[in-house]
Amino acid sequence: MGLTNQSTGKSALKEMLDIQMNSADVVVALAGNPNTGKSTVFNSLTGLNQHTGNWTGKTVATARGNYKYKDKNFVLVDLPGTYSLLSNSAEEEIARDFICFANPHATVVVVDATCLERNLNLVLQILEMTDKVVVCVNLMDEAERKMIQIDICKLSKLLGVPVVGTNARNGKGLSELMKAVYGVSHNQIVTKPIKVTYNDTIEKTIEDIETKIDLEKSNICDIDL
Ligand SMILES: Nc1nc2c(ncn2[C@@H]2O[C@H](COP(=O)(O)OP(=O)(O)OP(=O)(O)O)[C@@H](O)[C@H]2O)c(=O)[nH]1
Ligand SMILES: [Mg+2]
């Protein structure tokens, strides 16, 4: 997909969601590895008020629903589970496209508290794409049962974004989650995502590609003028 004004931002969001959006709506993506409790979070927040729709040009269905918080309408999009933004399947591609190109006001990454390390791979990838992120450490009850302790505050400091512990099955932590999402999407919480540094060869290649993209972008602007 080419990164033009037509393929990113609001128009992409409208295309991907295939819905009439109110400009005051706050769009929140729910991302995460498979089976981390995304749909349980979704159902708890939206009260099962979900609408399953087909993504434009794709057969994979996803769900969206609404919840209200502080008089604002939040449109929650329950994305297919994905291990990585380097998509391998049509479902993963949808999650990747939405996170990277639809420009949601916030992205909640739901991770499994019982296998945090594996789940943090996707968190770091998403933090490279957007700073409007809240990490939801779900299945805290299961972690407790397995005697796994998670220092939520320290994790938040390390990642540079809000982190909330939840048990989505009984609704624990969800009001804190809504508060964090409100703060991030309304710029009341300023995040400072951790920056991943790669080895010299990769960093140099990224720099070269960035230069080429900047050049390409300035050429497009010239044509528009
Ligand atoms: N114990 C416990 N179980 C949970 C919690 N959250 C979700 N579950 C359970 O975990 C299972 C998977 O939950 P889903 O909400 O379907 O997970 P998902 O991330 O939407 O899964 P995919 O869409 O397949 O990626 C279900 O059996 C849920 O009831 C939680 O906080 N604690
Ligand atoms: Mg699901």
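Residues numbered from 1 in each chain as written. Chains lettered and ligands numbered in written order. Predicted model: local features only at pLDDT ≥ 70, side-chain atom pairs only at ≥ 80, totals over all residues. Heavy atoms only, no water.

A short note on the overall build of the chain
Looking only at helices and strands, the chain has 8 helices and 7 strands in total. Burial status across the chain gives 43% buried among its 225 residues. Once local pairs closer than 6 in sequence are excluded, the contacts in the chain between residues at least 24 apart make up 67%. Carbon and sulfur atoms form 51% of the exposed surface of the chain, whose accessible area is close to 12,900 Å². (Helix = DSSP H or I, 4+ residues; strand = E, 2+ residues; numbered from the N terminus. Buried < 20%, exposed > 50% of the residue type's maximum accessible area, 1.4 Å probe, protein only. Contact = heavy atoms within 4.5 Å. Areas by Shrake-Rupley, 256 points an atom, 1.4 Å probe, with all protein chains shown as cover.)

With respect to the nonpolar core
One finds Leu79, Ile126, Val135, Val137 and Leu159 to be the most contacted residues of the largest nonpolar core, which totals 28 residues. Put simply, the parts of the chain that give this core at least two residues each are β1 (26-32), β4 (72-78), α3 (90-101), β5 (106-112), α4 (116-129), β6 (133-138) and α6 (152-159). The greatest single-element share of this core, amounting to 5 residues, is contributed by α4. (Core = buried A, V, L, I, M, F, W, Y, C linked by side-chain atoms within 4.5 Å.)

Points about the site of ligand 1
For ligand 1, the set of nearby residues contains 15 residues, the closest of which are Lys38, Ser39, Thr40, Asp141 and Ala168. The contact in question runs from an oxygen atom of ligand 1 to an N or O atom on the side chain of Thr40, over 2.6 Å. In the environment of ligand 1, a nitrogen atom lies 2.8 Å from a nitrogen or oxygen atom belonging to the side chain of Asp141. Relative to its unbound accessible area of 650 Å², ligand 1 is 72% covered by the protein chains. Sort the elements by how many residues they give to the shell around ligand 1 and helix α2 (residues 38-46) lands first, with 3 residues. The residue makeup of the shell around ligand 1, split by class, is 3 nonpolar, 8 polar and 4 charged. (Near = heavy atom within 4 Å. Polar contact = N/O pair within 3.5 Å; in protein donor to acceptor, adjacent residues only side chain to side chain. Nonpolar A, V, L, I, M, F, W, Y, C, P; charged D, E, K, R; others polar.)

Focus on the environment of Phe101
In this structure, Phe101 sits in helix α3. Under the relative-accessibility criterion, Phe101 is labelled buried at 14%. Spatially, the C-alpha atom of Phe101 lies 9.4 Å from that of Met129, the residues being 28 residues apart in sequence.

A look at the pattern of salt bridges
Enumeration according to the criterion identifies 3 salt bridges in this entry. Note that Arg96 and Asp97 form a salt bridge whose closest N and O atoms lie 2.9 Å from each other. Given the relative accessible area of 23%, Arg96 is considered partly exposed. Of the charged contacts in the structure, one is a salt bridge between Arg145 and Glu142, with a shortest N-O distance of 2.9 Å. Here Arg145 pairs with Glu142, and both are found in helix α5 (residues 140-145), just 3 residues apart, close to one helical turn. Given a relative accessible area of 60%, Arg145 falls into the exposed group. (Salt bridge = Lys/Arg side-chain N within 4 Å of Asp/Glu carboxyl O.)

These values are about where atoms sit, not about what they do.
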